[in-house]
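# Descriptive structure summary
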Amino acid sequence: MKTKADILKGKKVVFIGAGNMAEALIKGILGSTLMNKQQIMATDIKKERLQYIKKETGIITLSNSREAIEKADFIVFSVKPQVLDSVLDEIGNYLLPHQLVISILAGITTTYIEKKINNKVPLIRVMPNIAVSVREGMSAFCLGKNVQINHEKIVEEIFGSVGKVIKCQEKEMDAITALSGSGPAYFFYFLETLIRAGREMKLSAEMARVLSEQTILGAINLVKETKMEPAKMREMVTSPGGITQQALEYLEKKYFAGIFIEAIKRAKKRAEELSA
């Protein structure tokens, strides 16, 4: 049975596009020691971005995507969705069947990409989130054509090294993008709001941040360790007629849950628009 080291030994991956998500993945993979700096490459149209990535991570950077893919076993599409067509026009016909293409682009279907690349090249679509940079990411993947079991294992090893990974159907991808792909932003917004509340109640900036960060971290870890339903845990913290109940009743009065769910549904709708 092959180990992680065997599966990826001597293999090289190139990120076509060196933006924020590519940077997060690269840092997460290097931090996991799954692959080393010599195994990872990145390309980008912006020279200053390549200089930054090279300085931050020490990986190999190239400005020529066609040259880069010639040296790669795995190609990760990590450009902005609106520039994908130009990338596919440049390298789509140069991809080879022994390579594996991984797309992490929101809203772009496997069918769309497969129409523009060599039709024998295996393709897997993945939706990670930014927490992969600290190896606490959540990634979901679905399969395109020509995918073999070893390709699935490669994706599971790479993305499993930077967090949790699950397999899904492509029809579920827009909802996953809205929920876990965009999810960290919702929590960052909530954290911002907690800190702001602390400041408005005359706490220092440092105290408000420490209190807010640790409160969120502790609550999440408590849910993970106890496996209790969040609703049940909320009831345990909420004494009848107490302080917490006062706050929660106000949130319910303002339809907080409904507003939040609608916001996520709007994110899903936007993902569906990109898919179309």
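Residues numbered from 1 in each chain as written. Predicted model: local features only at pLDDT ≥ 70, side-chain atom pairs only at ≥ 80, totals over all residues. Heavy atoms only, no water.

### Let's talk about the side chain of Glu-114
Rules: Note on conventions: DSSP H or I runs of at least 4 residues are helices, E runs of at least 2 residues are strands, and numbering of each starts at the N terminus. Each residue is placed in one exposure class: buried if its accessible area under a 1.4 Å probe, protein chains only, is under 20% of its type's maximum, exposed if it is over 50%, and partly exposed if it falls in between. Charge counting follows a simple rule: Lys and Arg are positive, Asp and Glu are negative, and His as well as the terminal groups are ignored. Within this document, salt bridges are pairs made up of a side-chain nitrogen of Lys or Arg and a carboxyl oxygen of Asp or Glu, the two lying within 4 Å of each other. Definition of a polar contact: a pair of N or O atoms within 3.5 Å, with one able to donate and the other able to accept a hydrogen when the atoms are protein atoms, and with sequence-neighbouring residues admitted only if both atoms are side-chain atoms. By definition, residues are in contact when any of their heavy atoms lie within 4.5 Å.
Among the structural elements, Glu-114 can be located in helix H6 (residues 110–114). Buried charge without a salt bridge: Glu-114, with Lys-145 as the nearest opposite-charge side chain at an N-O distance of 4.7 Å. From its side chain, Glu-114 meets the backbone nitrogen of Lys-145 in a polar contact 2.6 Å long. The residues contacting Glu-114, other than those within four sequence positions of it, are Leu-123, Gly-144 and Lys-145.

### Overview of the environment of Phe-260
Relative to the helices and strands, Phe-260 resides in helix H13 (residues 256–275). Each C-alpha atom of the pair Phe-260 and Ile-124 lies 31 Å from the other, and the pair is 136 residues apart in sequence.

### Examining empty space enclosed by the protein
Short version of the rule: For each structure, a 1 Å grid was placed over the protein atoms alone; sets of points admitting a 1.4 Å probe that cannot get out are labelled cavities, open sets with protein on both sides within 12 Å along at least five of seven lines are labelled pockets, and lining residues have an atom within 4 Å of a point. Grid points are joined across faces, edges and corners, and a volume is the space filled by probe spheres set on the points. Just so you know the grouping, Ala, Val, Leu, Ile, Met, Phe, Trp, Tyr, Cys and Pro go in nonpolar, Asp, Glu, Lys and Arg go in charged, and all remaining residues, Gly too, go in polar.
One pass over the structure, following the stated rule, counts one cavity of 30 Å³ or more. Of the voids in this model, the largest cavity is the one considered here, and its volume is about 40 Å³. Along the walls of the largest cavity sit Val-13, Phe-15, Leu-25, Ile-29, Val-76, Ile-158 and Phe-159, which together make up its complete lining. Every element with two or more residues in the lining of the largest cavity is listed here: strand S1 (13–16), helix H2 (20–32) and helix H7 (149–160). Here the lining of the largest cavity is built from residues that sort into seven nonpolar, no polar and no charged.

### Overview of the packing of aromatic side chains
Defined as follows: A pair of Phe, Tyr and Trp rings is counted when the ring centres sit within 6.5 Å of each other, with Trp represented by its six-membered ring. The angle between the planes then sorts it: under 30 degrees is stacked, over 60 is edge-to-face, the rest tilted.
One pass over the structure, following the stated rule, counts two aromatic pairs. Arranged with centres 5.8 Å apart and planes meeting at 80°, the rings of Tyr-186 and Phe-260 form a pair that is edge-to-face. With Tyr-186 in helix H9 (residues 183–200) and Phe-260 in helix H13, this residue pair connects regions lying 74 residues apart in the sequence. Take Phe-260: its relative accessible area is 36%, and that puts it in the partly exposed class.

### Let's talk about a nonpolar patch on the surface
Filter applied, for reference: Every patch collects residues that have over 30% relative accessible area and no salt bridge, joining them within 9 Å if they carry like charges and within 5 Å if they are nonpolar side chains (Val, Leu, Ile, Met, Phe, Trp, Tyr). Each accessible area is a Shrake-Rupley estimate made with a 1.4 Å probe; only the visible protein chains count as cover when residues are assessed.
Nonpolar side chains collect at one region of the surface, where Leu-251, Phe-256 and Phe-260 lie side by side and expose about 260 Å² of accessible area between them. Looking at the secondary structure, you find Leu-251 in helix H12 (residues 243–253). Under the relative-accessibility criterion, Leu-251 is labelled partly exposed at 36%.

This is a description of form; function is not addressed.
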